[in-house]
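Spelled out from the first residue to the last, the chains are:
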Amino acid sequence: MYSHHCILTTLRSMLAVLTLALMSTMLESCLSDELQPCPRVRLMVSVQDYNYSNASRIDDEQLKPVGAPMRTYVKSLSYHVVSVETGRVVAESVAEEASSQDSIVQILLPTDLPLGRYAVAVWGGLDEGTPSPSMLPLDDAHDPYLACDTIRYDDTHHDFQLRLRRVKSKLHIDVEGIPVQYHAVASQKETTGLYEEVDDEFRYEGDGYEMRRARFSGAEVETQTILPPSVAYNSTRVSIQIYDAEGNPIPELDPRDVVITLYRNTITALRYVYNNDRHDFDIYVKINDEWESASQMEIE
């Protein structure tokens with residue numbers, strides 16, 4: 001049998017182990033009454049894509065300043081935070097007006113947020129009042145931004161940097177030298193091979209197209225269209241049709257289709273110049289700083 005001394009020693013050892021275990025639990029949770037609580041999670045949101053990647057090489061593309069207030073780039077911010085372990089949304093906000101003063105916007109998550117891993121998505125540029133989506137359709141003319149990341153919140157990690165990136169691309173088209181005798185007043189542009197939606201982890205899905213019609217006057221047409229990226233290399237076909245005042249297509253002004261690739265946060269510029277000798281359009285693409293003939297080749 002154990003002596004009284006041995007029993008006391010054993011009890012003291014067990015008590016010490018239990019005390020250490022309890023202190024460890026309290027430290028991990030940051031919720032002890034005797035300890036300072038863990039700092040709240042702070043999401044520091046800024047902009048990465050101030051301008052399109054090749055904006056400085058495109059005529060008439062207005063450059064935005066670097067590091068300006070958030071509203072310079074997006075009209076609103078919305079977000080949602082999902083627990084990786086449970087899949088439950090633990091914090092969210094509908095789209096609210098972006099700051100007109102701060103270039104970095106701070107989002108504070110709830111004080112009772114448990115430690116753990118979280119998937120964070122911050123959207124920029126959606127209509128105010130729009131819930132933060134897990135999947136965003138790309139069939140409108142908006143210019144949305146997205147920042148997303150998976151964060152680990154613990155007693156030493158509570159401040160996180162998120163940078164908004166542009167979701168779409170832009171197609172810039174100039175049509176020049178339209179003969180006045182055709183009385184052209186409208187153009188229609190169809191663009192195929194485009195992604196249809198993007199999720200809150202920046203994954204694109206779908207295969208769709210967009211069609212836009214615009215009125216004009218004179219011998220020139222200029223359009224700048226924000227579009228989803230191409231689903232694959234050389235998957236996007238651009239078709240242009242020109243109409244008269246009665247709404248009829250003008251067969252003499254029917255340029256051939258052009259196959260291109262639209263890249264995220266990049267401007268693709270096309271130029272159609274009517275050739276009176278050939279009674280057809282010469283088509284050019286802007287590559288770096290030069291206009292090069294599209295000829296019969298596909299445009300990268």
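Every value quoted in this text rests on a predicted model; they were computed, and no experiment measured them.

Would you take a moment to explain the layout of surface pockets for this structure?
Leftover empty space is mapped by rolling, across the atoms, a probe with the size of a water molecule. Reported here for the second largest pocket is a volume of approximately 210 Å³. Around the second largest pocket, the lining comprises 15 residues; the ones closest to its centre are Asp60, His172, Asp174, Glu176 and Glu222. For the lining of the second largest pocket, the secondary structure elements donating two or more residues are strand 9 (169–176), strand 14 (221–227) and strand 17 (267–275). Counting residues per element, the lining of the second largest pocket draws most heavily on strand 9, at four residues. Classifying every residue of the lining of the second largest pocket by side-chain character gives six nonpolar, one polar and eight charged.

Would you take a moment to explain the packing of aromatic side chains for this structure?
Think of a pair of aromatic rings as described by two things: how far the centres are apart, and how the planes are tilted against each other in angle. Counted under the stated rule, the structure contains five aromatic pairs. Measuring from ring centre to ring centre gives 5.2 Å for tyrosine 50 and tyrosine 73, while their planes differ by 55°; the resulting arrangement is tilted. One end of the pair, tyrosine 50, is in the loop between strand 1 (42–47) and strand 2 (76–83); the other, tyrosine 73, is in the loop between strand 1 and strand 2, and 23 residues separate them in sequence. Residue classification places tyrosine 73 among the buried positions, given a relative accessible area of 6%. Centre to centre, the rings of tyrosine 274 and phenylalanine 281 are 5.2 Å apart; their planes meet at 80°, and the pair counts as edge-to-face.

Please clarify how the pattern of salt bridges should be interpreted in this entry.
Proximity of charged atoms lets side chains of opposite charge pair with each other. Scanning all chains against the criterion turns up 14 salt bridges. We note a salt bridge from arginine 42 to aspartate 159, for which the minimum N-O separation is 2.8 Å. One end of the pair, arginine 42, is in strand 1; the other, aspartate 159, is in strand 8 (residues 159–166), with 117 residues separating them in the sequence. On the accessibility criterion, arginine 42 (30% relative accessible area) is partly exposed. Notably, a salt bridge pairs lysine 170 with glutamate 61, separated by 3.1 Å at the nearest N-O pair.

Here is what the cut-offs are and how they apply
- Residues numbered from 1 in each chain as written.
- Predicted model: local features only at pLDDT ≥ 70, side-chain atom pairs only at ≥ 80, totals over all residues.
- Heavy atoms only, no water.
- 1 Å grid on protein atoms, 1.4 Å probe; cavity = no way out; pocket = protein on both sides within 12 Å on 5 of 7 lines; lining within 4 Å.
- Points joined across faces, edges and corners; volume = space filled by probe spheres on them.
- Helix = DSSP H or I, 4+ residues; strand = E, 2+ residues; numbered from the N terminus.
- Nonpolar A, V, L, I, M, F, W, Y, C, P; charged D, E, K, R; others polar.
- Phe/Tyr/Trp six-rings, centres within 6.5 Å; stacked < 30°, edge-to-face > 60°.
- Buried < 20%, exposed > 50% of the residue type's maximum accessible area, 1.4 Å probe, protein only.
- Salt bridge = Lys/Arg side-chain N within 4 Å of Asp/Glu carboxyl O.

Bear in mind that shape data such as this cannot, by itself, settle questions of function.
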